[in-house]
Amino acid sequence: MGARVDETNATEPPLPSGERAGVREGDTSRSFRLPSLIRQRFALPPSPPKGEGLVRSFPKLKIAAASCVLLLAVATAGLFHYAATLPPLDLAVATDRSTVVLDREGRLLRPFLTADGRWKLQVGVDDVDPRYLAMLKAFEDKRFDSHSGIDALGLARAAGQMLLNGRVVSGGSTLTMQVARLLEPREERNVAAKLRQAVRAIELERRLTKPQILDLYLTLAPFGGNLEGVRAASFAYFGKEPKRLSTAEAALLVALPQSPETRRPDRFAGAARKARERVLARVEQAGLATASEVAAAREEPLPTARRPFPHLAPHVAEQVVAEAPAARSHRLSLDARLQAGLESLARERSLGLAPQLSIAILAVDNETGEVRASVGGVDYFATERAGSLDLTRALRSPGSALKPFIYALAFDNGIAHPETMLEDRPARYGIYIPTNFDMTFQGMVSARKALQLSLNVPAVELLSALGPQRFLSRLRDAGVSVAMPKEGGPPGLAVGLGGLGITLQDLTRLYVGLARGGEVPELRVRTEARRSAASLPRLVEPVAAWYVADTLLGAPPPLNAMPGRIAYKTGTSYGYRDAWAVGFDRKHTIGVWVGRADNGAVPGLVGRSVAAPILFDAFARLGLDPRPFPQPPDSIVATSAHLPPPLRHLRQDVPKTVAAMTTPALRLAFPPEGAKIDLAASAADGQTQLNLKVAGGAPPYTWLVDGAPVLSPTRRREAVWQPPGKGFMRISVIDGTGASESVSVRLQ
């Protein structure tokens, strides 16, 4: 028997060549057609002609499309209803940021932590590297500039990745949505929270511009620990502003906000490196960096520790913040580079000093009176140096540093000239016997040489002719505060050699006045508008100021400097407690103080050997102005022999003997202190008058009422004054030596 053939198989024709599973060779139709064999086996109707199925399903497609539109409309309506139930987004959280103190160019001097202990520095798109912004958009939100808060394509991509992988691969959040989450942080991470972010993102896009939204992200984005904002992170990890970031640095800062705690480079270097790698790969793919740049960035080491934030001018920073605690930004007149340089100079010089010694430095712009640098101490955190104290504001004895102003006032009052001959020989002023620092005497010297050599005896002789009280009054009239010894009593000649207290700020300010031709400006650390020159107090006239400046320019410099570069003077207080050096050129004045914060004595602490070298080093870092001081037209340049006779030698009409000191002290005999005087009782010829009497002192006598002269100087001890009216008044008298006495009375 032959082979038995199954009837079913026998009756089925074989498949044509090239036809498999309903796909025929050369068939490009997208419609799915069943093979004829399968249709025959299952008794299916023949396949409809091409296009006929699409026509039959068109009503169904319309129904599906309409359903989608309806569903979308319902979702949109629900979204708008949900948005309407939300209160307006509160942007106040963005204003809660660190207080910052900036220099005159906007460079950061010192930031302060927020109330909750965070570093959160204000920053905007103009403050960061443009490449960083491009990398941020490429990695986080490449359609940021075009979408309206929600990126539909990004959300669809994120959803598809989640369906394919069974987990969240990318969030689909835009930068605007991230800003919304930072402004309104919530613990939930569900669909409702994402919906809320989307609504808030649309609101942000309507209220703000794209750069403003970016500003919020740059300020609020977390970077691990207590760092918020790209500026704080840039300082903490790289020690610089985010304006100039390398490719590797920018990539790390782009990656950190996605998971700031698990990618901190100072704790999890491996995770931080992997995150940076992903950003660099995206950067290369987007064409934002070349392959060689990316390769070099991959080799760049990660920061392994956080760096300290800038801490320049800490004393001034604390002062201005205390004065205006509500302000979040303080713009000062300081120069950050000069401030850093002078703080470094103070630290370097302190290495050769005792551990208890500190250094204070003040640099001032002569034209404006603005402080360019203020070093309050060597080390703010050093307890043995009392580093937290601002020693530019500490009262200290100036030693010989006040001598130039004795000479300036003597020149201004016509008592002397730089070429006036003075006696440098033993002298006695009552019980006061001045001596020179080196215990020697030079004999007859010019005032110029006496000041350049800082001789004590000639300075006391000039002060005696000028009067100590007049000297102090002129300093105070210039706005300078001086503190007298607690023992009280009238000021004596010792004030010219440091027998009073003054701060480095006030002393430097006086030298600024010499550089300005006698006008003494206020020292300012803020950049607000300054007072007009017409309202500035004047210590001396320009001629006297130029005489002193020209004289100090010839003072012998320390060993580390060239002569004739700056006009300067040193000072050493009694007991070697304070060393001073103050100098100026046409543009700047710098003051230096060295000593102990507790005012303790330091043997060998001399201004010329300790403070003067620091002064000249400070000018080397600041830069010198080589222009000569402008000579006033009415100044006299002549030798002693060619001066007018009264100026060739200091007048000798002031006795220097013990007998001269037996003159009774000046006393205002009438009216007495607190007197109530009836003017009607003393009226003469219908005019009220008041008799004034003085006892002791030396003529001539000058009478003042409420600080204004009312009578011409007289040698008589009695005077008559006609009061303009009734009321409380302060009556004063000044004698020929400068001594004064005052009383307060009531005229009725």
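Parameters at a glance
- Residues numbered from 1 in each chain as written.
- Predicted model: local features only at pLDDT ≥ 70, side-chain atom pairs only at ≥ 80, totals over all residues.
- Heavy atoms only, no water.
- Helix = DSSP H or I, 4+ residues; strand = E, 2+ residues; numbered from the N terminus.
- Buried < 20%, exposed > 50% of the residue type's maximum accessible area, 1.4 Å probe, protein only.
- Contact = heavy atoms within 4.5 Å.
- Areas by Shrake-Rupley, 256 points an atom, 1.4 Å probe, with all protein chains shown as cover.
- Core = buried A, V, L, I, M, F, W, Y, C linked by side-chain atoms within 4.5 Å.
- Axes fitted to C-alpha atoms, helices over the stretch in contact; angles between N-to-C directions.
- Parallel < 35°, antiparallel > 145°, perpendicular 65-115°, else oblique.
- Left-handed = near helix turned anticlockwise from the far one by under 90°.
- Pairing = 2+ DSSP bridges.
- Salt bridge = Lys/Arg side-chain N within 4 Å of Asp/Glu carboxyl O.
- pLDDT = per-residue confidence, 0-100.
- Phe/Tyr/Trp six-rings, centres within 6.5 Å; stacked < 30°, edge-to-face > 60°.
- Lys, Arg positive; Asp, Glu negative; His and termini not counted.
- Polar contact = N/O pair within 3.5 Å; in protein donor to acceptor, adjacent residues only side chain to side chain.

Trainee: How should the overall build of the chain be read in this particular structure?
Mentor: On a plain count of helices and strands, the chain comes out with 22 helices and 20 strands. Expressed as a percentage of its 748 residues, the buried residues of the chain come to 46%. Summarising the internal contacts of the chain: among those between residues at least 6 apart in sequence, 68% fall at separations of at least 24. For the chain, the accessible area works out to roughly 37,500 Å², and carbon and sulfur atoms hold 56% of it.

Trainee: For this particular structure, what's the right way to read the nonpolar core?
Mentor: Side chains of nonpolar character tend, in soluble globular proteins, to be buried together. Membership of the largest hydrophobic core comes to 80 residues, with the highest contact counts inside it found for Phe-405 and Phe-471. Residue contributions to this core peak at eight residues, all from helix α20 (residues 542-553). Once you skip the residues sitting within four places of it in the chain, Phe-471 turns out to touch Leu-402, Phe-405, Ile-406, Leu-409, Leu-463, Leu-466 and Val-495.

Trainee: I keep staring at the packing of helix α14 (residues 336-350) against helix α21 (residues 607-622) and nothing clicks. Help me out?
Mentor: Axis angle and axis distance: for two packed helices, these are the angle between their axes and the distance between the axes, and together they describe the pair. For the pair α14 and α21, interaxial distance at closest approach is 10 Å and the crossing angle is 150°. Overall, the two elements α14 and α21 adopt an arrangement that is roughly antiparallel. Considering only the axes of α14 and α21, their crossing is right-handed. Counted together, Leu-338, Gly-341, Leu-342, Ser-344, Leu-345, Glu-348 and Arg-349 of α14 and Pro-613, Ile-614, Asp-617, Ala-618, Arg-621 and Leu-622 of α21 form the full contact between these two elements.

Trainee: Before we go on, may I ask you to explain the sheet that holds strand β17 (residues 708-709) in this structure?
Mentor: Remark on secondary structure: sheet strands pair via backbone hydrogen bonds, oriented parallel or antiparallel. On the basis of which strands lie adjacent, the open sheet formed by five strands has the order β14-β20-β19-β16-β17 and mixed pairing. In the strand order of this sheet, the two ends are held by β14 (676-677) and β17, each with one partner.

Trainee: Help me out: how do you make sense of the pairing of strand β2 (residues 108-111) in this one?
Mentor: If a strand is regular, its side chains alternate between the two faces of the sheet. When strand β1 (residues 100-102) meets β2, the two strands line up antiparallel, connected through three bridges. Across the sheet, residue Val-101 finds its bridge partner in β2, namely Arg-110. In sequence, β1 turns back onto β2 through a hairpin of five residues, with Gly-106 there showing a positive phi of about 90°.

Trainee: What am I meant to see in the pattern of salt bridges here?
Mentor: A side chain with one charge may pair with a side chain of the opposite charge, provided their charged atoms come close. Enumeration over the complete set of coordinates arrives at 35 salt bridges. In this structure, Arg-118 engages Glu-228 in a salt bridge whose closest nitrogen and oxygen atoms are separated by 2.6 Å. Of the two residues, Arg-118 is situated in the loop between β2 and β3 (119-120) and Glu-228 in strand β4 (residues 227-228); the sequence distance between them amounts to 110 residues. For Glu-228, a relative accessible area of 17% corresponds to the buried category. Residue Arg-621 is joined to Glu-348 by a salt bridge in which the shortest nitrogen-to-oxygen separation is 2.9 Å. With Arg-621 in helix α21 and Glu-348 in helix α14, this residue pair connects regions lying 273 residues apart in the sequence.

Trainee: Hey, could you run me through unusual backbone geometry in this one?
Mentor: The general pattern is negative phi for most residues beyond glycine and trans for most peptide bonds. Between Phe-670 and the following residue, Pro-671, the backbone shows a cis peptide bond with an omega angle of 0°. Within the element layout of this structure, Pro-671 appears in the loop between β13 (667-670) and β14. The backbone of Ser-454 shows a phi angle near 55°, a positive value even though the residue is not glycine.

Trainee: Explanation requested: the environment of Ser-740 in the structure shown.
Mentor: Mapped onto the elements, Ser-740 comes out in strand β20 (residues 740-747). Here Ser-740 is in contact with Gln-469, Leu-666, Val-733 and Ile-734, once residues within four sequence places are set aside.

Trainee: I'm lost on the sheet that holds strand β7 (residues 371-375) in this one. Help?
Mentor: Judged by pairing direction, the sheet is antiparallel, and its five strands sit side by side in the order β7-β6-β12-β11-β10 without closing on themselves. Whereas interior strands pair on both sides, the edge strands pair on one side only; in this sheet they are β7 and β10 (567-572). For this sheet, the mean inter-axis angle between neighbouring strands, taken without regard to orientation, is 10°. By the bridge criterion, four bridges tie strand β6 (residues 357-365) to β7 in an arrangement that is antiparallel. Considered in β7, the bridge of Leu-362 is made with Ser-374. Against the sheet, α20 contacts β10 and β11 (578-584), and its axis sits at roughly 80° relative to β10.

Trainee: Explanation requested: the confidence of the model for the chain in the structure shown.
Mentor: As a note on interpretation, predicted positions should not be read in detail where pLDDT is low. Across the chain, pLDDT averages 84, with 82% of residues at or above 70. The low-confidence segment residues 1-35 (pLDDT under 50) makes 16 contacts with residues lying over four places distant or belonging to another chain. When the criterion is pLDDT under 50, residues 653-661 qualifies, and its contacts beyond four places in sequence or with other chains add up to twelve contacts.

Trainee: Is there a simple way to explain the side chain of Thr-570 in this structure?
Mentor: Examined against the element boundaries, Thr-570 turns out to sit in strand β10. Take Thr-570: its relative accessible area is 15%, and that puts it in the buried class. Residues contacting Thr-570, with those up to four places away along its chain left out, are Ser-400, Ala-401, Trp-580, Ala-581, Gly-607, Arg-608 and Ala-612.

Trainee: When you look at the packing of aromatic side chains in this model, what are you seeing that I'm missing?
Mentor: Ring pairs (aromatic) are described by centroid distance and by the angle formed between their planes. In the structure shown here, the tally under the stated rule is eleven aromatic pairs. With a centroid separation of 4.2 Å and an interplanar angle of 25°, the aromatic rings of Trp-119 and Phe-309 are classed as stacked. Separated by 190 residues along the polypeptide, Trp-119 in strand β3 and Phe-309 in the loop between α12 (291-299) and α13 (314-323) bring together distant segments of the chain. By the burial criterion, Trp-119 is buried, and Phe-309 matches it. An aromatic cluster is defined as three or more aromatic residues linked by ring pairs; in this entry it consists of Phe-405, Tyr-511, Phe-584 and Phe-629.

Trainee: Looking at this model, I keep getting lost on helix α6 (residues 175-183). Mind explaining?
Mentor: For the α-helix, the turn length of 3.6 residues means that residues three or four positions removed from each other point alike. A large share of α6 lies buried, amounting to seven of its nine residues. What α6 keeps buried is the set Leu-175, Thr-176, Met-177, Gln-178, Val-179, Ala-180 and Leu-183.

Trainee: I tried to follow the packing of helix α4 (residues 130-140) against helix α11 (residues 269-286) on my own but got confused; where do I start?
Mentor: Between α4 and α11, the least distance of the axes is 9 Å, while the angle of their chain directions is 100°. It follows that α4 is roughly perpendicular to α11 by the angle criterion. The segment α4 lies against α11, with Met-135, Ala-138 and Phe-139 engaging Arg-278, Val-279, Arg-282, Val-283 and Ala-286.

Trainee: Please clarify how the side chain of Glu-343 should be interpreted in this entry.
Mentor: Note on placement: Glu-343 falls in helix α14. Of the side chains with opposite charge, Arg-347 lies nearest to the buried Glu-343, which makes no salt bridge, at 4.2 Å. One polar contact links Glu-343 to Gln-339, side chain to side chain, over a distance of 2.8 Å. Contact partners of Glu-343, with chain neighbours within four places excluded, come to His-311, Leu-312, Ala-313, Pro-314 and Val-375.

Trainee: Help me understand the environment of Glu-277, please; the structure alone is not making it clear to me.
Mentor: Turning to its location among the elements, Glu-277 is positioned in helix α11. The exposure class of Glu-277 is partly exposed, given its relative accessible area of 26%. Along the backbone, Glu-277 and Ala-297 are 20 residues apart, and their C-alpha atoms lie at a distance of 9.1 Å. Here the side chain of Glu-277 touches Arg-298 through a polar contact of 2.7 Å, side chain to side chain.

Trainee: Whenever I open this one, the environment of Ser-333 confuses me. Can you help?
Mentor: Its place among the elements puts Ser-333 in the loop between β5 (329-331) and α14. Given a relative accessible area of 0%, Ser-333 falls into the buried group. Sequence separation between Ser-333 and Gly-369 is 36 residues, and the spatial gap between their C-alpha atoms is 9.8 Å. In contact with Ser-333, other than residues within four places in its own chain, are Arg-104, Glu-370, Val-371, Arg-372, Arg-524, Val-525, Arg-526 and Thr-527. A distance of 3.1 Å separates a polar side-chain atom of Ser-333 from the backbone oxygen of Arg-524.

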